[in-house]
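Breakdown of the fold
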Amino acid sequence: MAMRILVARFVVVAVAAAVGIGVSGCSAAAEKTVDYTTSSVSLAPGESLVVDFGEVNHTVGDEWVITQEPDPSVLGPGDERSRYLGENGEAGAPSELSYRFAPVGTGTTVIRFEYEFRGSVPEDVNDRETAEITVTVK
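Here's what I pulled together on the structure shown here. Note that the coordinates shown come from a computational prediction; the quantities given were computed from them, not determined experimentally.

1. Thoughts on the environment of Ser 39
- Turning to its location among the elements, Ser 39 is positioned in the loop between strand E1 (31-35) and strand E2 (40-43).
- Ser 39 sits 93 residues away from Glu 132 along the chain, and the two C-alpha atoms are 6.2 Å apart.
- Ignoring sequence-local partners within four residues, the contact set of Ser 39 consists of Glu 132, Ile 133 and Thr 134.

2. Some thoughts on the sheet that holds E2
- On the basis of which strands lie adjacent, the open sheet formed by four strands has the order E2-E8-E7-E4 and mixed pairing. This sheet does not close on itself; its edge strands, each paired only once, are E2 and strand E4 (62-68). Sheet twist, expressed as the mean angle between neighbouring strand axes with direction ignored, is 30°.
- Here E2 pairs with strand E8 (residues 130-137) via four bridges, running parallel. Paired with Leu 43 across the strands is Val 137, a residue of E8.

3. Concerning the pairing of strand E6 (residues 95-101)
- Most of E6 is tucked away, with six of its seven residues classed as buried.
- Pairing geometry for strand E3 (residues 48-56) and E6, over seven bridges, is antiparallel. Among the inter-strand pairings, Val 56 is bridged to a residue of E6, identified as Ser 95.
- Both strand E5 (residues 79-84) and E6 contribute to a ladder of six bridges, which runs antiparallel. Among the inter-strand pairings, Ser 82 is bridged to a residue of E6, identified as Leu 97.

4. What to know about the packing of aromatic side chains
- One pass over the structure, following the stated rule, counts eight aromatic pairs.
- Summarising the aromatic geometry, the rings of Phe 53 and Tyr 99 are spaced 5.9 Å apart at their centres and angled 80° between planes, so their arrangement reads as edge-to-face. Remark: Tyr 99 occurs in strand E6 and Phe 53 occurs in strand E3; sequence separation between them is 46 residues.
- Under the relative-accessibility criterion, Tyr 99 is labelled buried at 5%.
- Considering the side-chain rings of Phe 101 and Phe 113, the 6.3 Å spacing of their centres and the 70° angle between planes classify their relative orientation as edge-to-face. In this pair, Phe 101 sits in strand E6 while Phe 113 sits in strand E7 (residues 107-117), placing the two residues 12 residues apart along the sequence.
- Since its relative accessible area comes to 0%, Phe 101 is described here as buried.

5. Focus on the sheet that holds E3
- The sheet built from four strands is open, its strands ordered E1-E3-E6-E5 with mixed pairing. For this open sheet the edge positions go to E1 and E5, each flanked by a neighbour on one side alone. For this sheet, the mean angle separating the axes of adjacent strands, direction not counted, is 25°.
- Examined bridge by bridge, E1 and E3 share five bridges and lie parallel to one another. The residue bridging Val 34 from the neighbouring strand is Val 51, located in E3.

6. Observations concerning a negative patch on the surface
- A surface patch of like charges, here negative, comprises Glu 123, Asp 124, Asp 127 and Glu 129.
- Structurally, the position occupied by Asp 124 is in the loop between E7 and E8.
- Take Asp 124: its relative accessible area is 39%, and that puts it in the partly exposed class.

Analysis parameters
Residues numbered from 1 in each chain as written. Predicted model: local features only at pLDDT ≥ 70, side-chain atom pairs only at ≥ 80, totals over all residues. Heavy atoms only, no water. Helix = DSSP H or I, 4+ residues; strand = E, 2+ residues; numbered from the N terminus. Contact = heavy atoms within 4.5 Å. Pairing = 2+ DSSP bridges. Axes fitted to C-alpha atoms, helices over the stretch in contact; angles between N-to-C directions. Buried < 20%, exposed > 50% of the residue type's maximum accessible area, 1.4 Å probe, protein only. Phe/Tyr/Trp six-rings, centres within 6.5 Å; stacked < 30°, edge-to-face > 60°. Patch = residues over 30% accessible without salt bridge, like charges linked within 9 Å, V, L, I, M, F, W, Y side chains within 5 Å. Areas by Shrake-Rupley, 256 points an atom, 1.4 Å probe, with all protein chains shown as cover. Salt bridge = Lys/Arg side-chain N within 4 Å of Asp/Glu carboxyl O. Lys, Arg positive; Asp, Glu negative; His and termini not counted. Charge placed at Lys NZ, Arg CZ, Asp CG, Glu CD.

Have a look at this one:
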């Protein structure tokens, strides 16, 4: 009987430890996601900014590039994130594009982006797009 109680206690402790490890391993840094058309955003301390550009098709030449990096004392450099939406082995499908900026300090800064097609700004004025976001980190 004493052995069963000892084994039961061991199992309870092992399960509690495994659950605790799983929960702490799943904690992610706080992020605030905004659409690229957003003009201004405020971030809480420790909160990263993710600028969402939606779907772009890199295979045809669509791209959004940073034309003005944020003040390095407020936000770190932009980390481009791209997730291919096509099936494995499929060519030509779009991707989801975003940029992530981690906070470095407090203050206000501006980030600018520009749409490029095949490595340059489109010639047609109607196809030109820019984005400017003022970011305040509190």
